[in-house]
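Commentary on secondary and tertiary structure
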Amino acid sequence: MTATFQHWGASYEWAWFWSMFIGILVIALPLLLAVAMIIYAERKIWAAIALRRGPNVVGPWGLLQSFADGLKVFLKETIIPTSANKGLFLIAPIVTFTVALIVWAVVPFAPGVVLADVNVGLLYVLAASSLGVYGVIVAGWASNSKYPFFSALRAAAQMVSYEVSIGFVLISVVLYANTFNLSAIVLAQQGHKLFGLLNGFVFNPLLFPMWLVFFISSMAETFRTPFDLVEAESELVAGHQTEYSSMSFALFWLGEYANVLLMCALNAIVFWGGWLPPVNWAPLYGFFFTPELTGLFWLFFKMSIFFFMFGWVKATVPRYRYDQLMRLGWKIFLPLSLLFVVLVSGWLMLTRYGGPPA
């Protein structure tokens, strides 16, 4: 796109700026629309599991329910508690929402369809996504209220606990792919197993357990049931969101669901082949008009399956106690992920690099 603007007479600096600006809009606007629709979809999933109808009044089949809820929240008054730190109180939801958006800059949607195809894309995802806890901590502290503050403490401990396991899981993937670039990680999964017929690290016996750890940890990272101790309404009212209303409350929800979509995308990209079809068969690479559109189809299809699994778990699995949450992260996932880092590196030393050095 930069070359197109230069062809129209713009300098390189302006051409780069406008191409990046348009690229950001192309990612951010559909993402916000997708957040509205997945909230509707998740409510339908919960309703189906509980044998209810779900949203069905606003618009055809209830499709406009999320937009009606958004309009209602937008028209409400923003109430700031008298004893709150007003500056930090208003900054916290902005931080949460912004951090949830910036991570998408390095997500590859299809061959060549990525805003910033950087060599350290996976490190960027880890670094940027870990900043999300600051929005929760600042919101809990700035509210100057007991329950939001307890929520902030829980959030800090929970995110640190499961980020450690996620980091070791991704080390195993990086060892196999030999790169931190997300597009290269996807390409490394092409024809990975079963005589080149299957695309995806998940079909590797050494990496399948790591995907299970990653999938469960991604639910804990996004504070989803059964790990939603940060917002446990039976204990903390609404956690760090208790004192928030209007659009400041909505920004927390937008950030939370944008992070859920991100985790669905990372599950698909890192373990399930991203934009690649599940089977390495030529007709599956371009049946939807162009290879790029076909890649988008496969990535969104996989993300939809993972989002359904997120909703399914939320509707059926009871909430953990906090001691169970910590025990799972530190006493099970951490040793397991460390063990598989050793196993994967040892296997690669024997098979890829011809054994240990003499």
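Look up a bit, the structure's there.
Attention in this report is confined to the structure presented alongside it. (Residues numbered from 1 in each chain as written. Predicted model: local features only at pLDDT ≥ 70, side-chain atom pairs only at ≥ 80, totals over all residues. Heavy atoms only, no water.)

Some remarks on the environment of Ile80
Among the secondary structure elements, Ile80 is positioned in the loop between helix H3 (65-75) and helix H4 (86-102). Separated by 93 residues in the primary sequence, Ile80 and Val173 have C-alpha atoms spaced 45 Å apart. Each residue touching Ile80, except ones within four places of it in the same chain, is listed here: Lys86, Phe89 and Leu90. (Helix = DSSP H or I, 4+ residues; strand = E, 2+ residues; numbered from the N terminus. Contact = heavy atoms within 4.5 Å.)

With respect to helix H2 (residues 12-49)
Taking 1.5 Å as the rise per residue, H2 with 38 residues should run 56 Å; its terminal C-alpha atoms sit 54 Å apart, in good agreement. Following H2 by one or two positions, Leu51 has its phi on the positive side, about 60 degrees. (Expected span 1.5 Å × (residues − 1).)

Thoughts on the packing of aromatic side chains
A full pass over the atoms with the stated rule returns 31 aromatic pairs. When the centroid spacing of 5.4 Å and the interplanar angle of 80 degrees are considered together, the rings of Trp211 and Trp272 count as edge-to-face. Here Trp211 is found in helix H9 (residues 208-221), whereas its partner Trp272 is found in the loop between helix H11 (246-271) and helix H12 (291-316), with 61 residues between them in sequence. For the pair Phe297 and Phe301, a centre-to-centre distance of 6.1 Å together with 15 degrees between the ring planes defines the contact as stacked. Taken together, the residues Phe297 and Phe301, both in helix H12 and four residues apart, mark about one turn of the helix. Residue Phe297 is classed as partly exposed on the basis of its relative accessible area, which comes to 34%. What links up through ring pairs into an aromatic cluster is the set Phe203, Phe208, Trp211, Phe215, Trp272, Phe306 and Phe310. (Phe/Tyr/Trp six-rings, centres within 6.5 Å; stacked < 30°, edge-to-face > 60°. Buried < 20%, exposed > 50% of the residue type's maximum accessible area, 1.4 Å probe, protein only.)

Everything listed here is a matter of coordinates, which is why it stays silent on function.
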